[in-house]
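Topology and contacts: notes
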Amino acid sequence: MSTEKTIQDIVARADRVLMHTYARTPVAFVRGEGCRLWDQEGKVYLDFLAGIAVTALGHGHPRVTETLRNQAGKLLHTSNLYHIENQIALAERLTEHSFADKVFFCNSGTEANEGAIKLARRYASEKYGPHKTTILAMFNSFHGRTLGSLSATGQEKFRKGFGPLLPGFSFVPFNDLKALDQAWDDSVCAVMLEPVQGEGGVRVPDPDYLKEVKRRCREREALLILDEVQTGLGRTGTLFCYEQFETQPDIMTLAKALGNGLPIGALLATDEAASAFQPGNHAATFGGNPLVTAVAETVLSELLKEGFLAEVRDKGVYFKKRLGELKEKFPLIQEVRGLGLLLGLVLDRPGKPYVDACLAKGFLINCTQETILRFAPPLIVSQGEIDALIEVLEEVFKELS
Ligand code: PLP
């Protein structure tokens, strides 16, 4: 009898035992190398999604694997009751290369955002009193699925049925300073947003927008929280996306690419903001354990290697130009947008058939907000791999349009 597993078997088993929280594509990958993935039947795919902006260094990166192996053989976990040197070393690197003075480690993006919400509220409560609790957040945002982060997420489809959510969040349209001013009152303790909205459709704000938001925060005694879970760690061509907008947050959250696939999140803050957390105020059992922080430090050191981010920027410009050429050829493409290697093609119709057609041809892409094809390849993607995707997109647009 054959021991080969068919994808139908795998799907049937998943249906029996896993909660139906994901509309999964019927593919199961078993191996990866660089930008390539192999499924259980041996078919090879080029990955232009990187596990949704996670595997920035690609699959099976030799230095990541080596660090993981070495550290796994030494020590996995102790507890934050004790000092963890790998955690300190990672925080040193993160603070050296960002606006931040202090770091708190957790396990995911949503958890980092929970920490950001707590920190901003506690800071305001200690400094200004109990009335200052409102967080201004954005329509179309995405901050995660736990109840605090969900309360900051301005998309009804994610919130529906989970109420009552956390009180004290008001929503305004992204990239609209007038609306922000109108919604602002004395109770605002923070403005929370993604510098480029990822799940919201790869939306890039006007060049002055973030700077103007920060100016208002400073004048009105509120903190700026930037969620760089998706945009951070080189994705948009600089280590952090805010660097391209001539401003700095007071608090920033990271996750996704930090562990290149190992679960780690981080909450970064200025000394001033971070001073609101004292022993007992916030914690995470697994947060920043020796294994994940060893790997994350390797990831960070790869991203910071001479020329790496400049290459990401060049490849982003090239990729966007090639997508622009497709737009000239196919009227169904309304817009090309994004920064670095976080790019979107806005279609005038649902994108799923195009995602499925690319998959059949061995290319992984994704669709967000129904009509926006999203590309977030490993940052090590080559120009040749970008060309290969463009060729396939061209075929697919011809075949389906
Ligand atoms: N924030 C942003 C901007 C995200 O894109 C995501 C995930 O897509 C999250 C937060 C949530 O991260 P996680 O799924 O690790 O909880």
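Since the model is a prediction, treat every value here as computed from it, not as a measurement. (Residues numbered from 1 in each chain as written. Predicted model: local features only at pLDDT ≥ 70, side-chain atom pairs only at ≥ 80, totals over all residues. Heavy atoms only, no water.)

**A short note on the sheet that holds strand 3 (residues 44-47)**
The four strands are arranged 1-2-3-13 in an open sheet whose pairing can be described as mixed. At either margin of the open sheet sits one strand with a lone partner, and together these are strand 1 (29-33) and strand 13 (363-364). In terms of strand pairing, strand 1 meets strand 2 (residues 36-39) through four bridges, oriented antiparallel. Bridged to Phe-29 within strand 2 is Asp-39. (Pairing = 2+ DSSP bridges. Helix = DSSP H or I, 4+ residues; strand = E, 2+ residues; numbered from the N terminus.)

**What to know about the sheet that holds strand 5 (residues 134-138)**
Taken in spatial order, the seven strands line up as 4-10-9-8-7-5-6 in an open sheet, and their pairing is mixed. Two strands lie at the open edges of the sheet, namely strand 4 (102-106) and strand 6 (169-172), each paired on one side alone. Within this sheet the neighbouring strands show an average axis-to-axis angle of 20°, counted without direction. Both strand 9 (residues 251-254) and strand 10 (residues 265-269) contribute to a ladder of four bridges, which runs antiparallel. Within the sheet, the bridge partner assigned to Met-252 lies in strand 10 and is Leu-268. Sitting on the sheet, helix 4 (residues 85-96) touches strand 4, strand 9 and strand 10, and the angle it makes with strand 4 is about 125°. (Axes fitted to C-alpha atoms, helices over the stretch in contact; angles between N-to-C directions. Contact = heavy atoms within 4.5 Å.)

**Focus on the pattern of salt bridges**
Scanning the entire structure with this criterion turns up 27 salt bridges. Notably, a salt bridge pairs Glu-33 with Arg-31, separated by 3.8 Å at the nearest N-O pair. Among the residues examined, Glu-33 registers a relative accessible area of 43% and is labelled partly exposed. On the basis of relative accessibility, which here comes to 44%, the residue Arg-31 falls in the partly exposed class. A salt bridge links Arg-122 to Glu-126; its shortest N-O distance comes to 3.4 Å. Taken together, the residues Arg-122 and Glu-126, both in helix 5 (residues 109-128) and four residues apart, mark about one turn of the helix. (Salt bridge = Lys/Arg side-chain N within 4 Å of Asp/Glu carboxyl O. Buried < 20%, exposed > 50% of the residue type's maximum accessible area, 1.4 Å probe, protein only.)

So far we have only geometry, and geometry alone does not tell us how the molecule works.
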